[in-house]
Amino acid sequence: MEYVILNGEFIERSEAKVDIEDRGYQFGDGVYEVIRIYNGKMFTADEHLERLLDSGKKIDLNIPYTVGELKQLLEKMILKNKMELGIVYMQFTRGASPRNHAYPGADVLPAFTAYTRKAERPVDSMKNGVKALLIEDIRWLRCDIKSLNLLGNIMAKQKAAQSGCYEAIQHRGDTVTEGSSSNIAIVKEGKVYTHPATNLILNGITRRKINEICHENGIAVEESAFTLEGLKHADEVFMSSTSAEITPITEIEGKPVGSGTPGPVTKSLQDLFEKEIEKQCGNMPVKLR
Ligand SMILES: *Cc1c(COP(=O)(O)O)cnc(C)c1O
């Protein structure tokens, strides 16, 4: 049995059905989260669930659960599915109602679905680094919302995939914003730079954790936007996300970043990040080094 959550109930995956006029399906009208599971435990669950409620608020979608209630439900599903190493995905849409752009009445309840999935740590990419390309950021101006509308993101990722790249680094004109599904940071002379948490990027939980780690360990970090030129001359570049953790980017548009191998700051951040995971979730079954 593989259990999923449909509107707060646990049911067998194949039994889960949503309405053909669900607004998530018709308009991408909803918000979502992905949380990592290590050793059967969620990592930074509170932060993710708070962001989920926050994303909901930003689109006037009232999620009728508290962080604590959601956490309990997800923990139960993880246990039921005996999920040790993977992710839990959840989304809330504005519910099902006859197609009309304007929001439906308050009687229409949001639709809540969630599932677990096995996912290894991408140890190979984390150790060796990955390739990226550059792409103009064509998305809307509320990238701070983890919205189900991901057309700009998926089109960017597809371009990367077609070119044998792992990620697409987006830029608005000269300014680097973020990856298609990750945040981007550069290291220059030992200092980490990453785009500030404005409406132009999704404020990643991994990104925030990295900033905390920097502050706690005397690694200089600055939340300020950098340019394409800054990216080109960076000593190190890395991407961060729930699934990819901290992955070095060692080649951009066919040119090596710095020495072309993962740099010392990126590596020590990876090690410190792994320690953070172990603090919350216990000993890592698959270690990076
Ligand atoms: C989810 C996401 C990220 C990474 O956020 P995490 O909380 O670290 O997983 C970065 N950018 C975009 C566009 C995202 O959707």
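Predicted model only: the values in this text are computed from it and were never measured.

A.B. asks: Mind laying out the pattern of salt bridges, listing which residues take part and the relevant values?
C.D. replies: Counted by the stated rule, this structure contains 22 salt bridges. Between R207 and E223 there is a salt bridge; the shortest N-O distance is 2.7 Å. Residue R207 is found in helix α6 (residues 205-216), and its partner E223 is found in the loop between β12 (221-222) and α7 (228-232); the two are separated by 16 residues along the sequence. Beyond isolated ion pairs, a larger network of salt bridges with shared partners links D54, K58, R142 and D144.

A.B. asks: Mind laying out the layout of surface pockets, listing which residues take part and the relevant values?
C.D. replies: By volume, the largest pocket is sized at about 1,200 Å³. Considering the residues around the largest pocket, the lining is formed by 50 residues, among which Y32, K146, L150, S180 and S181 are closest to the centre. Among the elements of the structure, β3 (30-38), α2 (45-58), β5 (86-93), β6 (111-118), α5 (151-162), β9 (175-179), α6 and β13 (236-241) are those that each provide at least two residues to the lining of the largest pocket. Top contributing element to the lining of the largest pocket by residue count: α5, with 6 residues. Split by residue class, the lining of the largest pocket holds 23 nonpolar, 18 polar and 9 charged. For the lining of the largest pocket, the two domains that each supply at least three residues are domain 1 (3-118) and domain 2 (123-281). Taken as a whole, the second largest pocket spans an internal volume of roughly 220 Å³. Lining the second largest pocket are L134, L228, E229, L231, K232, I252, E253, K255, P256 and V257. Only α7 and β15 (255-256) provide two or more residues apiece to the lining of the second largest pocket. With 4 residues, the top contributor of residues to the lining of the second largest pocket is α7. Tallied by class, residues from the lining of the second largest pocket come to 6 nonpolar, no polar and 4 charged.

What counts, and where the lines are drawn
- In this convention, every chain numbers its residues from 1, walking through the sequence in written order.
- The predicted nature of this model means local features are confined to residues of pLDDT at least 70 and side-chain atom pairs, given and counted, to a pLDDT of 80 or more, with totals for whole chains, interfaces and linings taken over all residues.
- Excluding hydrogens and water, the side-chain figures rest on all heavy atoms present in the structure.
- Salt bridges are defined as contacts in which a side-chain nitrogen from Lys or Arg sits within 4 Å of a carboxyl oxygen from Asp or Glu.
- Numbering of helices and strands starts at the N terminus; helices are DSSP runs of H or I of at least 4 residues and strands are runs of E of at least 2.
- The definitions used throughout rest on a 1 Å grid laid over the protein atoms alone, on which a cavity is an enclosed set of points accommodating a 1.4 Å probe that cannot get out and a pocket is an open set flanked by protein within 12 Å on both sides along at least five of seven lines; lining residues are those having an atom within 4 Å of a point.
- Grid points are joined across faces, edges and corners, and a volume is the space filled by probe spheres set on the points.
- All amino acids are sorted into three groups, where Ala, Val, Leu, Ile, Met, Phe, Trp, Tyr, Cys and Pro are nonpolar, Asp, Glu, Lys and Arg are charged, and the leftover types, Gly among them, are polar.
- Domain delimitation in this document rests on an assignment produced automatically or drawn from a domain database.

Bear in mind that shape data such as this cannot, by itself, settle questions of function.
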